[in-house]
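Here are the chains, one letter per residue:
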Amino acid sequence: MPQTILGIPFISFVLWITALANFIGAGLVWPSFRRERAKLIDSFFVWCLGMALMHVFIGVGVWTGDMIWLKFGFFFGLTGSAYIGRIAFL
């Protein structure tokens, strides 16, 4: 397994691929989110965005070694997870 892909560390590359998958998921939910405004769709949309941003920022943090990016990533991960956690209380 290579240590870098296109000059990007392997871990960051994988994190950004998963972020892309989450952005695609959020994009697929976007029309329903704008049309219906149901709590379940809202929660899933925010979760997809939160996970996508978490993977982007953690990938940048791993690549640069700067802790502030990791903290932003953990913030978005916790926010998205907390928002989808409210499904249990619907």
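The structure we're discussing is the one just above.
Here is a short report on the structure shown in this document. (Residues numbered from 1 in each chain as written. Predicted model: local features only at pLDDT ≥ 70, side-chain atom pairs only at ≥ 80, totals over all residues. Heavy atoms only, no water.)

Focus: the nonpolar core
Listed in full, the six residues of the largest apolar core are Ala26, Val29, Phe33, Ile41, Phe45 and Cys48. For this core, the secondary-structure elements that each account for two or more residues are helix H1 (10–36) and helix H2 (39–64). With residues up to four places along the chain from it excluded, the contact list for alanine 26 reads Phe45, Cys48 and Leu49. In this structure, Leu15, Met51, Met54 and Ile58 belong to the second largest nonpolar core, which totals five residues. (Core = buried A, V, L, I, M, F, W, Y, C linked by side-chain atoms within 4.5 Å. Buried < 20%, exposed > 50% of the residue type's maximum accessible area, 1.4 Å probe, protein only. Helix = DSSP H or I, 4+ residues; strand = E, 2+ residues; numbered from the N terminus. Contact = heavy atoms within 4.5 Å.)

Concerning the side chain of serine 43
Structurally, serine 43 is set in helix H2. By relative accessible area, serine 43 is classed as buried at 0%. In this structure, serine 43 is in contact with Tyr83, Ile84, Arg86 and Ile87, ignoring residues within four places of it in sequence.

Some thoughts on the packing of H1 against H2
Relative to each other, H1 and H2 sit at 160°, their axes nearing to 8 Å. The angle between the axes of H1 and H2 places the two elements in the roughly antiparallel class. Judged by the twist between their axes, the crossing of H1 over H2 is left-handed. (Axes fitted to C-alpha atoms, helices over the stretch in contact; angles between N-to-C directions. Parallel < 35°, antiparallel > 145°, perpendicular 65-115°, else oblique. Left-handed = near helix turned anticlockwise from the far one by under 90°.)

Some points on helix H3 (residues 67–85)
With 19 residues, H3 extends 27 Å between its outermost C-alpha atoms, agreeing within 8% with the 27 Å of an ideal straight helix rising 1.5 Å per residue. Buried within H3 are the following residues: Leu70, Gly73, Gly77 and Gly80. End-on, the buried residues of H3 take up no more than an arc of 95°, which puts them together on one face. In H3, the exposed positions angled more than 90 degrees off the buried face are occupied by Lys71, Phe75, Leu78 and Ala82. On the buried face of H3, the contacting elements are H2. (Expected span 1.5 Å × (residues − 1). Arc of directions from axis to C-beta.)

Overview of the pattern of salt bridges
Opposite charge on two side chains allows them to pair when their charged atoms are near. Within the structure shown, the criterion is met by one salt bridge. We note a salt bridge from arginine 35 to glutamate 36, for which the minimum N-O separation is 3.9 Å. On the basis of relative accessible area, arginine 35 is assigned to the exposed category, the value being 58%. Given the relative accessible area of 45%, glutamate 36 is considered partly exposed. (Salt bridge = Lys/Arg side-chain N within 4 Å of Asp/Glu carboxyl O.)

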